[in-house]
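For reference, the chains in residue letters:
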Amino acid sequence: MSISTNSSQPESVDQNNLPSLIWPDPSPLPRFSHPLHLGVMASGNGSNFEVLVKATERKQLDASIDVLVVNNPDCEARRRAERLGIPCVVHDHRKFSSREQLDQALVSTFKKMSVEGIVMAGWMRIVTPILVEAFTDRLLNIHPSLLPSFTGLDAVGQALKAGVSITGCSVHRVTAEVDAGPVIAQAAVPILCSDDHQRLSQRIQSQEHKLLPLAVAIAGQSWRSQVNSGVEG
Ligand code: GAR
């Protein structure tokens, strides 16, 4: 897919020196009185899941990834969990007769593991109020656009087609409406004349990998402050 506008860009652009902006950026990340207990949901590759695990291992993110749930038994995310030593539960969506039943199974798994918050890191299924309401404000999603632009499927393709100069990625709280919950943090990614879907997706993913631990830490601060003020989710 080619880009329809952006013709005023300089002819040569140093791909390794593009402007970048992540905001808010609370580095160094906050420490908690005890680590956040997190669950992660993934459907495919799982690179964002692995980034979270690595951020906890090097103590950038003060958290423990207690469980990964996947809906595709044969996904790379599951293999990553095995390699990283993270418990993985498979809830194959094909084995449930409705979205609600799948979400009920997710709720049971996450409640059993006593997670404080959940990150949808490439979860490619629409979730229902069953999951959203069981973890109000505690269910996060990463999406490859600057929301509220380009919600839903193929956000990267939508941005290329629209001919915008800047796109990016967002982490937001999940509400019943798809990709519409409050934004926690975003990263901007310039679109180059030379971009195609693959190149742009890769640059967005590198920003996702920086953004996600920051956004989880920001959300964690708000979860802990609710607990400390007696408002528990
Ligand atoms: C990520 O780019 C994420 O933003 C996107 O799926 C990819 C998963 O990559 N999510 C969505 O499009 C959700 N609407 P990963 O499996 O390598 O982490």
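These notes cover the structure that comes with them.

This brings us to the site of the ligand. Near the ligand, the surroundings consist of Asn-45, Gly-46, Ser-47, Asn-48, Gly-122, Met-124, Ile-142, His-143, Pro-144, Gln-205 and Glu-208. Gly-46 is positioned with one of its backbone polar atoms (N or O) 2.7 Å from an oxygen atom of the ligand. Separating an oxygen atom of the ligand from a side-chain N or O atom of Glu-208 is a distance of 2.4 Å. Computed on the free molecule, the ligand has an accessible area of 450 Å², of which 84% lies beneath the protein chains in the complex. For the shell around the ligand, the secondary-structure elements that each account for two or more residues are α1 (47–57), β6 (139–143) and α6 (197–228). Taken together, the residues that form the shell around the ligand break down as three nonpolar, seven polar and one charged.

Applying the stated criterion across every chain, the model contains 10 salt bridges. Note that Glu-50 and Lys-54 form a salt bridge whose closest N and O atoms lie 2.8 Å from each other. Residue Glu-50 and its partner Lys-54 are both found in helix α1; the two are separated by four residues, about one turn of the helix. Exposure remark for Glu-50: the relative accessible area of 9% places this residue in the buried category. By relative accessible area, which is 34% here, Lys-54 ends up partly exposed.

Here the amide bond leading from Trp-23 into Pro-24 is cis, since omega sits at -5°, within 30 degrees of zero. Turning to its location among the elements, Pro-24 is positioned in the loop between β1 (21–23) and β2 (36–42). Residue Leu-147 is joined to Pro-148 through a cis peptide bond whose omega torsion reads 15°. With respect to the helices and strands, the residue Pro-148 is situated in the loop between β6 and α5 (155–162). Located in the positive-phi region is Ser-114, a residue other than glycine, with phi close to 55°. Looking at the element boundaries, Ser-114 is found in the loop between α3 (99–112) and β5 (117–120).

With that settled, consider the packing of aromatic side chains. In the structure shown here, the tally under the stated rule is one aromatic pair. Pairing Phe-110 with Phe-135 gives two aromatic rings, centres 6.3 Å apart and planes at 85°, and the pair type is edge-to-face. With Phe-110 in helix α3 and Phe-135 in the loop between α4 (129–134) and β6, this residue pair connects regions lying 25 residues apart in the sequence. Take Phe-110 and Phe-135: they sit in the same class, and that class is buried. Positioned above the aromatic ring of Phe-135, the side-chain terminus of Lys-111 is 4.7 Å from the ring centre.

We now examine the pairing of β6. With respect to burial, β6 is a largely interior element, five of its five residues being buried. Residues Leu-139, Asn-141 and His-143 point to one face of β6 and Leu-140 and Ile-142 to the other, with burial holding for every one of them. Viewed along the sheet, the connection from β5 through α4 into β6 turns out right-handed. Summarising the sheet, β6 and strand β7 (residues 166–173) pair through four bridges and their orientation is antiparallel.

So, on to the packing of α5 against α6. Taken N-terminus to C-terminus, the directions of α5 and α6 make an angle of 120°; their axes are 10 Å apart at the nearest point. For the pair α5 and α6, the crossing hand works out as right-handed. From α5, Val-156, Gly-157 and Leu-160 reach across to α6, where they touch His-197, Leu-200, Ser-201 and Ile-204. A per-class count over the contact of α5 with α6 returns four nonpolar, three polar and no charged.

The eight strands are arranged β1-β8-β7-β6-β5-β2-β3-β4 in an open sheet whose pairing can be described as mixed. Both outer strands of the open sheet, β1 and β4 (88–90), are each paired with one neighbouring strand and no more. Between one strand and the next, the sheet's axes are offset by a mean angle of 20°, whatever the strand orientation. Pairing of strand β3 (residues 63–70) with β4, which is carried by three bridges, proceeds in the parallel orientation. Looking at the pairing, Val-70 lines up with Val-90 of β4.

Rules used throughout
- Residues numbered from 1 in each chain as written.
- Predicted model: local features only at pLDDT ≥ 70, side-chain atom pairs only at ≥ 80, totals over all residues.
- Heavy atoms only, no water.
- Near = heavy atom within 4 Å.
- Polar contact = N/O pair within 3.5 Å; in protein donor to acceptor, adjacent residues only side chain to side chain.
- Areas by Shrake-Rupley, 256 points an atom, 1.4 Å probe, with all protein chains shown as cover.
- Helix = DSSP H or I, 4+ residues; strand = E, 2+ residues; numbered from the N terminus.
- Nonpolar A, V, L, I, M, F, W, Y, C, P; charged D, E, K, R; others polar.
- Salt bridge = Lys/Arg side-chain N within 4 Å of Asp/Glu carboxyl O.
- Buried < 20%, exposed > 50% of the residue type's maximum accessible area, 1.4 Å probe, protein only.
- Phe/Tyr/Trp six-rings, centres within 6.5 Å; stacked < 30°, edge-to-face > 60°.
- Lys NZ or Arg CZ within 6 Å of the ring centre and 35° of its normal.
- Right-handed = clockwise from strand over helix to strand, strands pointing away.
- Pairing = 2+ DSSP bridges.
- Axes fitted to C-alpha atoms, helices over the stretch in contact; angles between N-to-C directions.
- Left-handed = near helix turned anticlockwise from the far one by under 90°.
- Contact = heavy atoms within 4.5 Å.

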